[in-house]
Amino acid sequence: MVYDLAMLKAFYTLYEGKIERIRTILQRPLTLAEKILYAHLYDEKNVKDYKRGEDYVNFRPDRVAMQDATAQMALLQFMNAGRDEVAVPSTVHCDHLIQAYKGAKEDIATATKTNEEVYNFLRDVSSRYGIGFWQPGAGIIHQVVLENYAFPGGMMVGTDSHTPNAGGLGMVAIGVGGADAVDVMTGMEWELKMPRLIGVRLTGKLNGWAAPKDVILKLAGILTVKGGTNAIIEYFGPGTASLSATGKATICNMGAEVGATTSLFPYDERMAAYLKATGRVEVADMATAVAEGLRADDEVVANPEKYYDRIIDIDLSTLEPYINGPFTPDAATPVSEFAEKVLKNGYPRKMEVGLIGSCTNSSYQDLSRAVSLAHQVTEKRLYAAAPLIVNPGSERIRATAERDGMIDAFEKIGATIMANACGPCIGQWKRVTDDPTRKNSIVTSFNRNFAKRADGNPNTYAFVASPELTMALTIAGDLCFNPLKDTLLNADGEQVKLSEPTGEELPPEGFTAGSEGYIAPSHAKTDIAVAPQSQRLQLLAPFPAWDGEDLLNMPLLIKTQGKCTTDHISMAGPWLRFRGHLENISDNMLMGAVNAFNGETNKVWNRSTNTYGTVSGTAKLYKSEGIPSIVVAEENYGEGSSREHAAMEPRFLNVRVILAKSFARIHETNLKKQGMLALTFTDKADYDKIREHDLLSVVGLKDFAPGRNLKVVLHHEDGSKESFEVQHTYNEQQIGWFRAGSALNAR
Ligand SMILES: O=C(O)C[C@@H]([C@@H](O)C(=O)O)[N+](=O)[O-]
Ligand code: SF4
């Protein structure tokens, strides 16, 4: 048993009392999210009815999870925080740094060699500070957390945007930057703006080809990639009971794609079944004993419009499978309309690779439903027209799937079983292609489909679907194939139809142990060395404090146009190897962002040389001349990942301000934590006033205060000037971080 049973016993013993006390003070019915949030206030003495979407509140999460690509920077910051041990149970998971190429065995052997320095650093730091360490091959962080650590009613933070996956077990699990994880690991207050609440009422029951993934694919089309920002999505209604715990987790996981702070489901029999199947009977019993506190109050469920800020209804019985993309997860199309969309938009009709996996869809149930289609290939004398790549979610899932004949069934139709890891989902995919300039289509069971994300190729059109639809389109090799109505020509020249997928929610014979790969901390106080000449790891120097002056005459580094996710700001894939080395990774800064003045990427005007150069190269030159610069952007800047590198890189290269039309939550917080200024246009039309050769000033910083707008002055090349107001969401404490140079400096 790797989870902290004593901590859980204490939690559940106190939980009902906490809820009762909160109810007495608030004097109103409570949603589930409110019960869990108020049960985790940092200071339980002064409970008040915090205003959703406005008040900043300090919380005390129960645990922290980090993955190997973000843990490096998180732990480098933790090492500077002066603590000897983590204050709450914490774990590190090695899942992002394994490149998918030949198959699990070879790829893990290769990764173990190429990442040795980083793995040793993470293992040694974990052991020294009391952090659990999960080795490469153990599984994807969110699957391993669900199998071992998530618990109904709990609260956790994770240095990964898909931490909300644990909502599948009724937990408030929130993705954060490393600096936030350091707050929790050092036992300090962890601050979050009290989220708005979006209630999603599920009715009916999934049937046929529809899968839990289709709930969130549909919802992404309704909410769009920014519709959930600063909100918790709470699912309720009779339809929730029919969804497996891992199906619920899939839905919560991809809530990150609509910017949700987190998503969660009420505790039910399905969660209890999953807890028991994963060796946590006592947790199921304790949760069952306090079940009323693990769901929204009856009054809330009866009158949801009074208690949620928005209600969305989804009838599972009529829910169609969806296929979302290309290039953005909210481009949602029901399968019945997809062929028409492919033809109308000229998407590459040939489906070239199917990929099943990622933290969103790699559970035992996911694999079992996909494999029921793989069996039909043999039974109906079909063949898989496209190659298939499978990344199981964890060693426990893989070993059980292997015992139950699933791995053989996948391999029989030509699938390559990759490591229990992120792989292609994070761009860790050594893809072999005949012609990288050819527009091509892939379908994945992942959660994101941004340009270049999976294989670094701008010509790859990625579509996101359920594992079942991914499997069907892999067999057909044709984006226009609709398995609900179309047939396929088999080896005997017959037109055959695929039967609806079937599968097991949990392994009938239980999970096998599998070689889990967990290392418990030794707590031995050994010194952690980082080689000064290392190209992968670099100790952090504090960022300089604010000099007390306005920021005057800053050259415009780049004015980005359109979508600018954390993948555009700090690309993953080949750049993951530098995630522990701030200077090296800064070479990728904003290389994927589109320059509004020339429509190109990584090509900006450098005012010092009057030539065009890369974004990071230009910023580096300005920095060497002591010149601060500014970045301008459009909506939902920093969409996607929790990687704080997207905030630390500009900070390191002396970019002082990001001025955007709007921010994604995690990234806005990461910018604040790192001492950057995150400002938004009061009038979004002012974005158009900014010219390529402008110098920009931000004035009013001496009176920088919560709720008080600042001013931007544009100094145009022709000598004319314009100014306009900009706003911010900084509270007093966060203004202190800016003044001190970073939150870490302000401790
Ligand atoms: O970039 C990282 O390391 C974290 C990121 C990653 O898991 C991703 O899916 O992009 N995420 O989603 O937070
Ligand atoms: S979204 Fe992909 S890269 Fe991110 S944690 Fe999940 S599997 Fe890994």
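Residues numbered from 1 in each chain as written. Chains lettered and ligands numbered in written order. Predicted model: local features only at pLDDT ≥ 70, side-chain atom pairs only at ≥ 80, totals over all residues. Heavy atoms only, no water.

### Side note on the packing of helix 9 (residues 245-253) against helix 10 (residues 269-277)
Helix-helix packing is characterised by the crossing angle of the two axes and by the distance between the axes. Two elements in contact, helix 9 and helix 10, have axes separated by 8 Å at closest approach and are oriented at 105°. One way to sum up the angle between helix 9 and helix 10 is to call them roughly perpendicular. Of helix 10, the residues touching helix 9 (which contributes Ala 245, Thr 246 and Lys 248) are Arg 270, Met 271 and Tyr 274. By residue class, the composition of the contact of helix 9 with helix 10 is three nonpolar, one polar and two charged. (Axes fitted to C-alpha atoms, helices over the stretch in contact; angles between N-to-C directions. Helix = DSSP H or I, 4+ residues; strand = E, 2+ residues; numbered from the N terminus. Parallel < 35°, antiparallel > 145°, perpendicular 65-115°, else oblique. Contact = heavy atoms within 4.5 Å. Nonpolar A, V, L, I, M, F, W, Y, C, P; charged D, E, K, R; others polar.)

### Considering the nonpolar core
Judged by nonpolar contacts, the single largest core of 138 residues is most densely connected at Met 185 and Tyr 235. Top element by residues in this core is helix 1 (residues 5-26). It accounts for nine residues. Per-domain counts for this core show at least three residues from each of domain 1 (322-430 + 438-497) and domain 2 (551-745). Apart from residues no more than four positions distant in its own chain, Tyr 235 is found in contact with Val 200, Leu 202, Val 215, Ile 216, Leu 219, Thr 240, Ile 251, Ser 263, Leu 264, Phe 265 and Pro 266. Core analysis: the next-biggest nonpolar cluster, separate from the first, contains 49 residues, Val 631, Ala 633, Phe 663 and Val 698 among them. (Core = buried A, V, L, I, M, F, W, Y, C linked by side-chain atoms within 4.5 Å. Buried < 20%, exposed > 50% of the residue type's maximum accessible area, 1.4 Å probe, protein only. Domains from an automatic or database assignment.)

### Here we look at the site of ligand 2
Around ligand 2, the surrounding shell consists of His 96, His 142, Asp 160, His 162, Ser 358, Cys 359, Cys 422, Cys 425, Ile 426, Asn 447 and Arg 453. Tallied by class, residues from the shell around ligand 2 come to four nonpolar, five polar and two charged. (Near = heavy atom within 4 Å.)

### Digging into the state of the cysteines
Tallied over the entire structure, the rule returns zero disulfides. Cysteine Cys 252 remains unbridged, with the sulfur of Cys 359 as its closest cysteine sulfur at 12 Å. Judged by its relative accessible area of 0%, Cys 252 is buried. You can see Cys 564 has no disulfide; the closest cysteine sulfur is in Cys 425, sitting 19 Å from it. (Disulfide = S-S within 2.5 Å.)

### A short note on the sheet that holds strand 4 (residues 132-134)
With mixed pairing, six strands are arranged side by side in an open sheet as 6-5-2-3-4-21. Single-partner strands in this sheet number two, and they are strand 6 (172-175) and strand 21 (518-519). In terms of strand pairing, strand 4 meets strand 21 through two bridges, oriented antiparallel. Opposite Phe 133, over in strand 21, you have Ile 519 as the bridge partner. Set on the sheet, helix 5 (residues 116-129) makes contact with strand 3 (90-93), strand 4 and strand 21; between it and strand 4 the angle comes to about 155°. Here helix 6 (residues 141-148) sits on the sheet and contacts strand 2 (63-67), strand 3, strand 4 and strand 5 (155-158); the angle it forms with strand 2, its principal contact strand, is near 150°. (Pairing = 2+ DSSP bridges.)

### Things to note about the domain arrangement of the protein chain
Per the domain assignment, the segments making up the protein chain are domain 1 (322-430 + 438-497) and domain 2 (551-745). Of the residues lining the interface, 11 residues belong to domain 1; the matching set on domain 2 comes to 11 residues. On inspection of domain 1 and its partner domain 2, the count reaches one salt bridge. Asp 567 is the partner of Arg 453 in a salt bridge, and the nearest nitrogen-oxygen pair spans 3.0 Å. Between the two partners, domain 1 and domain 2, sit four residue pairs in polar contact (both at pLDDT 80 or more). Class assignment of the residues belonging to the side of domain 1 that touches domain 2 gives a composition of four nonpolar, four polar and three charged. (Salt bridge = Lys/Arg side-chain N within 4 Å of Asp/Glu carboxyl O. Polar contact = N/O pair within 3.5 Å; in protein donor to acceptor, adjacent residues only side chain to side chain.)

### Thoughts on the UniProt feature "domain: Aconitase A/isopropylmalate dehydratase small subunit swivel" (unreviewed entry) in the protein chain
Residues annotated in UniProt with the feature "domain: Aconitase A/isopropylmalate dehydratase small subunit swivel" (unreviewed entry) correspond here to residues 554-683. With 27% helix and 21% strand, the stretch residues 554-683 has end C-alpha atoms that lie 21 Å from each other. (UniProt positions renumbered as here; feature names shortened; annotations may be inferred.)

### A short note on the sheet that holds strand 10 (residues 262-264)
Note: strands within a sheet are paired through backbone hydrogen bonds, in either parallel or antiparallel orientation. The strand order 10-9-8-11 describes an open sheet built from four strands, whose pairing is parallel. Edge positions in the sheet fall to strand 10 and strand 11 (310-315), since each of these pairs with one other strand and no more. Here the average twist between neighbouring strands, direction ignored, is 20°. Pairing geometry for strand 8 (residues 196-203) and strand 11, over six bridges, is parallel. Bridging across to strand 11, Leu 202 finds its partner in Ile 314.

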